[in-house]
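Residue strings, one per chain:
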Amino acid sequence: MVEPTDGVEAAPVRRARHTLSLYAVAAAVTVVVLAPLAAPGYALLYDMVFVPRQPLTWDLVAPAQSLPRAVPMDALVSLVTQLVPGWVVQRLALAGAVFLAAVGAGRLVPTERRAVRLFAALAYAWTPYLAERLLIGQWGLLLAYAALPWLVRAALDLRAGRDGALARVVLAAAPAAITPTGGLIALATVLVLASDRMRAPRSLLASDRMRAPRSLLVSQRMHPHRSRQALAAVGVLNAPWVVAALVTGAGGSSDPAGVAAFAARSENWAGPLVALAGTGGIWSAQATPSSRATPLVPVATVVLLILAGVGAGLLRHRLPRGGAARLAVLAGTGCVLAAFGLLPGGDAALRWAVVHLPGAGLLRDGQKFLAPYALLLVVCAALGAERLVARIDREVAGVVLVGLLFLPVAVLPDLAFGGAGRLRPVSYPAEWQRVAEHIEEEPGEILALPLSAYRAYQWNPGRVVLDPAPRYLPGTVLTDDTLRVGDVAVAGENPRVREMRRALAEGRPVWTTGVRWVLVQHEVSGEVDSQVLGGLERVHDGPFLTLYRNPATVRESGGSGPARLAVVVALSAALLVVIAAAVSALHRRATAW
């Protein structure tokens, strides 16, 4: 066998080896993080709720009385689970998020050194941000986090005039836009990075040109309308939740008590700002890995920041002119949003905004906007590691690179194995399906008691999960939307739930409220006064669930109404944009990703 010796022939072989090693590391990280999901069942943890077959109900497509926090995510899951079981969807979503985050970050780094790419891949897939959002169950936001490096690459290609970049911008933004926060991050990324023409800097050294991916050095004409098309397309991807917010009966304001409850928190002796600098600082102590409290974590954060500072210059030289600066603007904006409630006057400003500005409630949990900062931090730190090892002896450099490669794991070891066992699958009791079948025969509004947003089930030991009834049962389910964070109760927005709460507080029978069904969940916190269940017919009585029918109500007509149809139109438009982008990408020649 003749070994390739020509440089032109060797380069593709080298790139293939780098690609294989990158995919291998990404796969290994995915397996280590999500190892418990090899067992059958559903991992139910805080906001992460998957069910065997999620019904396609109007309230999941376009909530009539609550804010569209899971639009269009719930509708998409409902559609997919008509064909694929929910446990498969959960594993595909989580594995895809971790795997694509690692590969995307590794490919985004402008370098030809394999170890540097692997460092970026491992570091981006092993951040406190990913760990905390995984442990609070926000898998939709993790998809946005995973899509971000691919979207940044596509946006830079679009500004450089590279063929096919517009379609790739849309395809990368699509998974991000399944939640409002992810959609806003995607829209801001395209707005900042793909706004006008960008050329490779004249000062770029030949050695830097050799290390930077060719797609980032292409200097071609960039038609201004391509940028406008990209912004318009990503805007359409955001249309479903925007339209749903405009037509909901919940209004656009939020409880100002949530500003302090959802503010970034300190995780160790260094305070909340240092926690944010390390991409952590989530508001929930229960979703924070215990390793974040160790005294050496702030030291590791400082080391990472120093590496990033060393590598920032390389990023500026290797990206097309203005690319690094725009990435810094995007990341800086995310940092300001994350820390705004901690800044002087920030808390008061946010409290005013969430009451008077529709949609400002999205800013209460500002830490979730740290995703662009996490990406920039990892990319710069990877280049800083390259610059560092280039100045030391080759044998020592290898040891240093290996040490840096495993630094993220050493600092955050309890992300492994599903957050040290927190992400553990369980099976729903069989009676959940029997209750769903009863309700499907006579659709109607369902009241879930005791009133509580989250449940701690004995069959899901050691974990708290958002009440699965709204996603398991075929109908509009009324659950308590008040969120308790420590001693603070953050009120929800659903006027129908407020009506139910008043009726229960007054001891009025539930049948007078007009609900069709009452589901009483047993072995959970809270009690149900037997007086409020008077006049109801018991149709199922099991160890975990009791279902009552209200004979005083009539069968629901199931009408949709023009407001909800508007959401369907917006969702259809978004799907058409994604399909058009996919068709366009398939009709073009393969590009280097």
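What you see is a predicted model; the values in this text were computed from it and never measured. (Residues numbered from 1 in each chain as written. Predicted model: local features only at pLDDT ≥ 70, side-chain atom pairs only at ≥ 80, totals over all residues. Heavy atoms only, no water.)

(A) Focus on the overall build of the protein. The helix and strand inventory of the protein stands at 24 helices and eleven strands. A globule of 593 residues ought to have a C-alpha radius of gyration of about 25 Å, and the protein, at 25 Å, matches this closely. Across its three principal axes, the protein shows a C-alpha extent of roughly 85 × 60 × 50 Å. Taken across its 593 residues, the protein has 54% of its residues classed as buried. (Helix = DSSP H or I, 4+ residues; strand = E, 2+ residues; numbered from the N terminus. Rg over C-alpha atoms; globule rule 2.2 N^0.38 Å. Buried < 20%, exposed > 50% of the residue type's maximum accessible area, 1.4 Å probe, protein only.)

(B) How the structure looks around unusual backbone geometry. For the bond from V71 to P72, the omega torsion is 0°, close enough to zero to count as cis. Take P72: it is sitting in the loop between α2 (58–61) and α3 (73–80). The step from L449 to P450 runs through a cis peptide bond, and the omega angle for that step is -5°. Among the secondary structure elements, P450 is positioned in the loop between β3 (446–449) and β4 (454–455). Its identity is not glycine, yet Y46 carries a phi of approximately 50°, on the positive side. Relative to the helices and strands, Y46 is located in the loop between β1 (42–43) and α2. Of note, the phi angle at E523 is positive, near 55°, even though the residue is not glycine.

(C) Structural context of the pairing of strand β9 (residues 517–521). Most of β9 sits inside the fold, with five of its five residues counted as buried. Burial of the side chains of β9 extends over both faces: W517, L519 and Q521 are buried on one face and V518 and V520 on the other. Here β9 runs beside strand β11 (residues 545–549); their pairing, made up of five bridges, is antiparallel. Across the sheet, the residue bridging to W517 is R549, located in β11. (Pairing = 2+ DSSP bridges.)

(D) Structural view of the pattern of salt bridges. Going through the model one piece at a time under the given rule, you end up with 17 salt bridges. For R471, the salt bridge goes to D74, with nearest N and O atoms at 3.1 Å. Taken as a pair, R471 in helix α22 (residues 469–472) and D74 in helix α3 lie far apart in primary sequence, 397 residues in all. As far as the burial class goes, R471 and D74 line up, both buried. Put simply, R538 and D541 hold a salt bridge, and the shortest N to O gap is 3.3 Å. By the burial criterion, R538 is exposed, and D541 matches it. Salt bridges sharing common partners tie together E442, R516, E537 and R549. (Salt bridge = Lys/Arg side-chain N within 4 Å of Asp/Glu carboxyl O.)

(E) Summary view of helix α15 (residues 323–339). For α15, which comprises 17 residues, the first-to-last C-alpha distance of 24 Å matches the rise-based estimate of 24 Å (1.5 Å per residue) to within 8%. Where α15 is concerned, the buried positions are G323, A324, L327, L330, A331, G334, A338 and A339. Along the axis of α15, the buried residues cluster in a sector spanning 160°; they form a single face. (Expected span 1.5 Å × (residues − 1). Arc of directions from axis to C-beta.)

(F) Expanded view of the confidence of the model for the protein. When pLDDT is averaged along the protein, the result is 90, and 91% of the positions lie at 70 or above. Note that residues 197–211 has pLDDT below 50 and, in this model, 38 contacts with residues that lie over four places away or in other chains. In the predicted structure, residues 214–221 sits below a pLDDT of 50 and forms 25 contacts with residues beyond four places in sequence or in another chain. (pLDDT = per-residue confidence, 0-100. Contact = heavy atoms within 4.5 Å.)

(G) Structural detail: the side chain of T57. Looking at where T57 falls in the secondary structure, it is placed in the loop between β1 and α2. T57 gets classed as buried once you look at its relative accessible area, which sits at 13%. Among residues more than four places away in sequence, those in contact with T57 are P474 and G475.

(H) Spotlight on a nonpolar patch on the surface. Together, L575, L576, I579 and V583 make up an exposed nonpolar region whose accessible area comes to about 360 Å². Structurally, L575 is set in helix α24 (residues 561–586). Its relative accessible area of 38% is what places L575 among the partly exposed residues. (Patch = residues over 30% accessible without salt bridge, like charges linked within 9 Å, V, L, I, M, F, W, Y side chains within 5 Å. Areas by Shrake-Rupley, 256 points an atom, 1.4 Å probe, with all protein chains shown as cover.)

(I) Highlighting the environment of A27. Along the chain, A27 falls in helix α1 (residues 7–33). For A27, a relative accessible area of 32% gives the class partly exposed. Separated by 445 residues in the primary sequence, A27 and Y472 place their C-alpha atoms 32 Å from one another.

(J) Seen up close, the environment of L34. Summarising the element assignment, L34 is placed in the loop between α1 and β1. What makes L34 buried here is its relative accessible area of 8%. Distance in space between the C-alpha atoms of L34 and L383 is 28 Å, their sequence separation being 349 residues. When residues no more than four places from it in sequence are discounted, the contact partners of L34 are L94, A95, V98 and L423.

(K) Structural view of the packing of helix α4 (residues 86–108) against helix α5 (residues 114–124). Contact geometry of α4 with α5 gives a least axis separation of 7 Å together with a crossing angle of 145°. Considering how the two elements wind past one another, α4 and α5 form a crossing that is right-handed. Taken together, the residues of α5 that come into contact with α4 (itself represented by A101, A102, A105, G106 and R107) are R117, A120, A121 and Y124. Tallied by class, residues from the contact of α4 with α5 come to six nonpolar, one polar and two charged. (Axes fitted to C-alpha atoms, helices over the stretch in contact; angles between N-to-C directions. Left-handed = near helix turned anticlockwise from the far one by under 90°. Nonpolar A, V, L, I, M, F, W, Y, C, P; charged D, E, K, R; others polar.)

(L) Expanded view of the packing of aromatic side chains. Evaluation of the coordinates by the stated rule reveals 13 aromatic pairs. Ring geometry for F50 against W139: centres 5.1 Å apart, planes inclined by 40°, an arrangement best described as tilted. Here W139 lies in helix α7 (residues 139–160) and F50 lies in the loop between β1 and α2, a separation of 89 residues in the sequence. With a relative accessible area of 2%, F50 lands in the buried category. Residues W432 and Y472 carry aromatic rings whose centres are separated by 5.5 Å and whose planes lie at 45° to one another, so their mutual orientation is tilted. Residue W432 is located in helix α21 (residues 431–441), and its partner Y472 is located in helix α22; the two are separated by 40 residues in the primary sequence. A relative accessible area of 1% means that W432 is categorised as buried. Three or more aromatic residues joined by ring pairs make a cluster, and in this case those are Y42, Y428, W432, Y457, W459 and Y472. (Phe/Tyr/Trp six-rings, centres within 6.5 Å; stacked < 30°, edge-to-face > 60°.)

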